[in-house]
Amino acid sequence: MSNKKWAAILAVLVIASMLLAACPAPAAQVVKETVVVEVEKQVEVLQTVVVEKEVVKEVVATAVPQEVAKVLRINLGTYPDIIDPQKSSFVNEIAHLQMIYEGLTRLDPNLETVPAAAESWAYNDDATQLTFTLRPDLTYSDGSLLNAARFAYSIQRNINPETAGEYAGITDEIAGAPEWRGCDTADAAACEAAAAVVAESVMASHADGTACNADAPYEDAECNTLTLTFSKPAPYFHTVMSLWVTYPAKEENITEGGDQWYNSSKFQIGNGPYVLQSLEPFVRGYFTPNQTYWRGQGMVDIEYSYITDSAVAFEAYKNNEFDIIAGAAEDLEVIKADPQLSQELNTYPGSCTYAIMFHQLKEPFTDQKVREAFAMSYDREAWVRDVLRGLGAPTLTWIPPGFPGYDGEENRWGFDPEAAKAALAESSYGSVEGLPPIKLTFSDTPRNRTRNEWLAAKWKEYLGVDLALDPVESTTYTALTKDINTAPQTFILGWCADYPDPQNWLSVYWRTGGFGERIGYSNADFDALVNEADTTVDPAKRAELYAQAQTLLTDGAPVAFAWNNVNNYLIKPWVKGVVKTPQDSGWSGIQDPITIDIDTTAKP
């Protein structure tokens, strides 16, 4: 998660959806053909303004029966907080961007990095420089030219401190990147100097090395080469270029659209497998196949709905109003007992780790002994059994099984109520009575209330601590957890793999300046280990450094590592061609949507 990410939220699946219906036309009739000359849509939060200009001409013709539109209807759950390639980080945000855009590389069904907008790439001998050659005749979905200058802009925008992107640190290997994104914007000279270094390190050019047209860089069809220069060896960086932070959103659209540009189908013009046709915040997003996509065209339209209550979504699925939904643990027994639903259940390995987050700059979690006490009074086995109904696996470590760097020997801070009480007694607070008020914050749905009530009750039972439940609206919850200043005292959050490498789990998330800093985590010794590992070419030495870093991370009990997920989706039998991967954090098949078809003859 991006993971996706490519962070993931415990809240899943209260707002009614709008469903699309299509009816066949009669065999022969006099019809009116409507020619849409211009359609503009500017969408702001909670408001949609539509301006349409139409020219209508009457045509006498014998019409043939129209094929019923194939629409893949998906409940995505929480509406995204933001859908900007250089600012997004949560699974539901990335699930939109993956449809609209594509990077220079992509992950195939085996999660291997393969060419995408770039047809090839090459490193220099010491992996301090990486050069991409774009495919010939690339275009956006509107037919306009897509060249290397567009990708140079997106990468530089990701680094730019004014963007303040959630994933900005992922490109810190680029020479000058940490200095520019970390500069004090009040110090114009320092920022300009760092920006100049980045401009030299992210260079679009012609194949022969000559500069692209400076006056009109986006219109230069020969501008097909992108060269990245690093401050240290980065032999994995071609995979980083598959991530959404590099997606080539159009500069002029961002400028014209303003702060809410990403909520508009007018400005979200991409190069990915699908085109955003319309976006109704909190209600519906509608996508159609991109007719200019280089790999071919999708076979279905795709409709996202944003029902946060999984019980409501499940009822809609049973009524054939959805084709794919996430299967909630609360419905698992019903699903397995039903002859039809049990056949539609798809459960397979996931790529996410969930943890109970403790804000280390907010009391009482400034004290490690308090964090240890809460971690050891959390019964992971009971949570997975009673709350998740087996849809997961308890964990005491960050990197999940099946991924490089997994530590199956880690056993610290496991469930031990007596040790938990002892740790609390050893803390600076001395006892339960000495603790300040603590809120347990969560995304507010009926089922999430039940889950968090369970968690609070267990902490009361095993540790004697009374927690105040703090439910907030789902999209607001996402926004709160992104900022170190607004992140709650304690809450549940997850991380899903962007790519299968310890660097993505450790350096990207926990290094100072990364996502762990949202809860105040920063450890200079940890930073030193992952920095060395990132630049180590020898695989065995690199693996050992990451292992040391993960052990050091767990030493400080920064969070209560909780469980690893499984993907669990209900898919209607008429949905064909779904390619499943562990990184299907948004919905099953999201990694390659153009393979999906619908057998309309099988639909009721």
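Presented here is a report on the structure given in the accompanying data block. In this numbering scheme, every chain counts its residues from 1 along its sequence in written order. Local features in a predicted model are, by the rule used here, given only for residues with pLDDT of at least 70; side-chain atom pairs are given and counted only at 80 or more, and totals for whole chains, interfaces and linings are based on all residues. As a convention, hydrogens and water are excluded, and side-chain values are obtained from all of the structure's heavy atoms.

Points about the side chain of glutamate 102
Step number 1: Helix numbers and strand numbers start at the N terminus; a helix is a DSSP run of H or I with at least 4 residues, a strand a run of E with at least 2. In this structure, glutamate 102 sits in the loop between helix H1 (91-100) and strand E5 (105-107).
Step number 2: Buried and unpaired, glutamate 102 has arginine 106 as its nearest opposite-charge partner, separated by 4.4 Å.
Step number 3: A polar contact is formed between the side chain of glutamate 102 and the side chain of tyrosine 293, at a distance of 2.5 Å.
Step number 4: Excluding residues that lie within four positions of it along the chain, glutamate 102 makes contacts with Ala116, Ala117, Phe151, Tyr247, Pro248, Asn271, Gly272, Tyr293, Trp294 and Arg295. The buried label applies to any residue whose accessible area, calculated with a 1.4 Å probe on protein chains only, is under 20% of its type's maximum; exposed applies above 50%, and partly exposed to all values in between. When charges are counted, Lys and Arg are positive and Asp and Glu negative, with His and the chain ends excluded. Note on definitions: salt bridges are taken to be side-chain nitrogens of Lys or Arg within 4 Å of carboxyl oxygens of Asp or Glu. Any N or O atom pair separated by 3.5 Å or less is treated as a polar contact, with the protein-specific requirement of one donor-capable and one acceptor-capable atom, and with residues adjacent in sequence counted only for side-chain atom pairs. The contact criterion used is simple: two residues touch if any of their non-hydrogen atoms lie within 4.5 Å.

Points about the pairing of strand E18 (residues 468-472)
Step number 1: Pairing between strands is defined by DSSP: at least two bridges between the two strands are required. The sheet contact formed by strand E17 (residues 439-443) and E18 spans five bridges and is parallel. Among the inter-strand pairings, phenylalanine 442 is bridged to a residue of E18, identified as proline 471.
Step number 2: Note on the crossover from E17 through helix H13 (residues 446-463) to E18: the handedness is right-handed. Viewed with both strands pointing away, a crossover whose connecting path from the first strand over the helix to the second turns clockwise is right-handed.

Considerations on the pairing of E17
Step number 1: Burial within E17 is extensive, with four of its five residues counted as buried.
Step number 2: Inspection of the sheet shows E17 paired to strand E19 (residues 490-496) by two bridges, in the parallel sense. Bridge assignment links leucine 440 to a residue of E19, and that residue is threonine 490.

Observations regarding the layout of surface pockets
Step number 1: Within this model, the largest pocket holds a volume of roughly 630 Å³.
Step number 2: Breaking the lining of the largest pocket down by element, the ones donating at least two residues are helix H2 (148-159), helix H3 (177-181), helix H16 (507-510) and helix H17 (524-534).
Step number 3: The class makeup of the residues in the lining of the largest pocket is ten nonpolar, nine polar and ten charged. Lining residues are defined by having an atom within 4 Å of a point belonging to a cavity or pocket. Those points lie on a 1 Å grid over the protein atoms alone, cavities being sets where a 1.4 Å probe fits but cannot get out and pockets being open sets with protein on both sides within 12 Å along at least five of seven lines. Grid points are joined across faces, edges and corners, and a volume is the space filled by probe spheres set on the points. Classes in brief: Ala, Val, Leu, Ile, Met, Phe, Trp, Tyr, Cys and Pro nonpolar; Asp, Glu, Lys and Arg charged; the others, Gly included, polar.

What to know about the pattern of salt bridges
Step number 1: All chains considered together, the criterion is met by 27 salt bridges.
Step number 2: Notably, a salt bridge pairs glutamate 280 with arginine 284, separated by 3.3 Å at the nearest N-O pair.
Step number 3: In this structure glutamate 280 comes out as partly exposed when scored by relative accessible area, which is 22%.
Step number 4: Exposure remark for arginine 284: the relative accessible area of 13% places this residue in the buried category.
Step number 5: Of the charged contacts in the structure, one is a salt bridge between glutamate 303 and arginine 284, with a shortest N-O distance of 3.1 Å. In this pair, glutamate 303 sits in strand E13 (residues 301-305) while arginine 284 sits in strand E12 (residues 284-289), placing the two residues 19 residues apart along the sequence.
Step number 6: Linked through salt bridges whose partners overlap, the residues forming this network are Asp81, Glu93 and Lys482.

Description of the packing of helix H10 (residues 368-376) against helix H12 (residues 417-426)
Step number 1: Helix axes are fitted to C-alpha atoms over the stretch in contact, other axes to C-alpha atoms as well, and angles between N-to-C directions run from 0 to 180 degrees. With their axes 8 Å apart at the nearest point, H10 and H12 run at an angle of 165° to one another. Put simply, H10 runs roughly antiparallel to H12. The hand of the H10/H12 crossing is left-handed. Contacts between H10 and H12 pair Lys369, Val370, Glu372, Ala373 and Met376 from the former with Pro417, Ala419, Ala420, Ala423, Leu424 and Glu426 from the latter.
Step number 2: For the contact of H10 with H12, the residue count by class is eight nonpolar, no polar and three charged. Any angle from 65 to 115 degrees is called roughly perpendicular, while one under 35 is roughly parallel, one over 145 is roughly antiparallel, and all others are oblique. Each helix crossing is assigned a hand: it is left-handed if the near helix lies turned anticlockwise from the far helix by less than a right angle, otherwise right-handed if that turn is clockwise.

A look at the sheet that holds strand E10 (residues 225-229)
Step number 1: In spatial order, the strands read E7-E8-E10-E9; together these four strands make up an open sheet with antiparallel pairing. Either end of the sheet is taken by a strand with one partner, and the two such strands are strand E7 (118-123) and strand E9 (202-205). Looking at each pair of strands side by side, their axes are set apart by 20° on average, direction ignored.
Step number 2: Bridging between strand E8 (residues 129-134) and E10 involves five bridges; their strand directions are antiparallel. If you follow phenylalanine 132 over to E10, its bridge partner there is leucine 226.

Remarks on the state of the cysteines
Step number 1: Sulfur atoms of two cysteines make up a disulfide when they are within 2.5 Å. Across all of its chains, the model carries three disulfides by this definition.
Step number 2: Here cysteine 352 connects covalently by a disulfide to cysteine 496, the sulfurs 1.9 Å from one another. What sets the handedness of the cysteine 352 and cysteine 496 disulfide is the S-S torsion sign, and at about 100° it is right-handed. With cysteine 352 in strand E15 (residues 345-358) and cysteine 496 in strand E19, this pair connects stretches of sequence that are 144 residues apart. Per residue, the accessibility class of cysteine 352 equals that of cysteine 496, and both read buried.
Step number 3: Numbered by order of appearance in the sequence, the disulfide-linked cysteines of the protein pair as 1-2, 3-4, 5-6.

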